[in-house]
Amino acid sequence: QVQLVESGGGLVQPGGSLRLSCAASGFTFRNYAINWYRQAPGKERELVASITSTGGSTNYADSVQGRFTISRDNAKNTVYLQMNSLKPEDTAVYYCHSIIRYFNYWGKGTLVTVSS
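Residues numbered from 1 in each chain as written. Predicted model: local features only at pLDDT ≥ 70, side-chain atom pairs only at ≥ 80, totals over all residues. Heavy atoms only, no water.

(A) Quick look at the sheet that holds strand E1 (residues 3–7). If you walk across this open sheet you meet the four strands as E1-E3-E8-E7, and the pairing is antiparallel. Every other strand in the sheet has two partners, leaving E1 and strand E7 (68–73) as the edge strands with one partner each. Averaged over all neighbouring strand pairs, the angle between strand axes comes to 15°, with direction disregarded. Note that E7 and strand E8 (residues 78–83) share six bridges and pair antiparallel. The residue of E8 that forms the bridge with Thr 69 is Gln 82. (Pairing = 2+ DSSP bridges. Helix = DSSP H or I, 4+ residues; strand = E, 2+ residues; numbered from the N terminus. Axes fitted to C-alpha atoms, helices over the stretch in contact; angles between N-to-C directions.)

(B) Examining the pairing of strand E10 (residues 103–106) more closely. Direction of pairing for strand E9 (residues 92–100) relative to E10: antiparallel, over a ladder of four bridges. Residue pairing across strands places Ile 100 opposite Phe 103, the latter belonging to E10. What sits between the antiparallel neighbours E9 and E10 is a turn of two residues, in which Arg 101 has the positive phi angle 50°.

(C) Quick look at the pattern of salt bridges. Under the definition given, this model contains three salt bridges. Salt-bridge contacts for Asp 90 lead to Arg 38; the nearest nitrogen and oxygen are separated by 2.9 Å. Separated by 52 residues along the polypeptide, Asp 90 in the loop between E8 and E9 and Arg 38 in strand E4 (residues 34–39) bring together distant segments of the chain. What makes Arg 38 buried here is its relative accessible area of 6%. Each of the salt bridges in this network shares a partner with another, and the network as a whole consists of Arg 38, Glu 46, Arg 67 and Asp 90. (Salt bridge = Lys/Arg side-chain N within 4 Å of Asp/Glu carboxyl O. Buried < 20%, exposed > 50% of the residue type's maximum accessible area, 1.4 Å probe, protein only.)

(D) Up close: the side chain of Arg 72. Relative to the assigned elements, Arg 72 resides in strand E7. Despite its burial, Arg 72 pairs with no opposite charge, the nearest such side chain being Asp 73 at 8.3 Å. A polar side-chain atom of Arg 72 sits 2.8 Å from the main-chain carbonyl oxygen of Tyr 32. In terms of polar contacts, Arg 72 uses its side chain to reach the backbone carbonyl oxygen of Ser 53, at 3.3 Å. (Lys, Arg positive; Asp, Glu negative; His and termini not counted. Polar contact = N/O pair within 3.5 Å; in protein donor to acceptor, adjacent residues only side chain to side chain.)

(E) Representation of the packing of aromatic side chains. Applying the stated criterion to the full structure yields four aromatic pairs. Their ring planes at 90° and their centres at 6.3 Å tell us that Tyr 95 and Trp 106 sit as a pair that is edge-to-face. Of the two residues, Tyr 95 is situated in strand E9 and Trp 106 in strand E10; the sequence distance between them amounts to 11 residues. In this structure an aromatic cluster arises from ring pairing among Phe 27, Phe 29 and Tyr 32. When the ring centre of Tyr 95 is taken as origin, the NZ or CZ atom of Arg 45, which lies over that ring, is 3.8 Å away. Taking NZ or CZ as reference, Arg 72 lies 4.3 Å from the ring centre of Phe 29, over its face. (Phe/Tyr/Trp six-rings, centres within 6.5 Å; stacked < 30°, edge-to-face > 60°. Lys NZ or Arg CZ within 6 Å of the ring centre and 35° of its normal.)

This is the structure we're talking about:
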């Protein structure tokens, strides 16, 4: 079955960096775009970054443009989200997502807390 498993979250000080990973299984990973979403307490889930199946094109929310970088390694069935210059407002649960054969699949999320 399709599985998306996030890792790499944690507590970091403002201005710090974290790298999230999303390990995928149960489908032909190289054929599908992958997205990172986040949901902060009391807020709606929002799209943070997207990457196409080949990795040739990426998109970012305005709020993270220039600070976050999404990438993928199709040999390892893994997508990464490098997060630099983190701000307290980046605090959220970060989710990996993909639409596979018309169905939405989500990971369980990894918590990122940016605080001094």
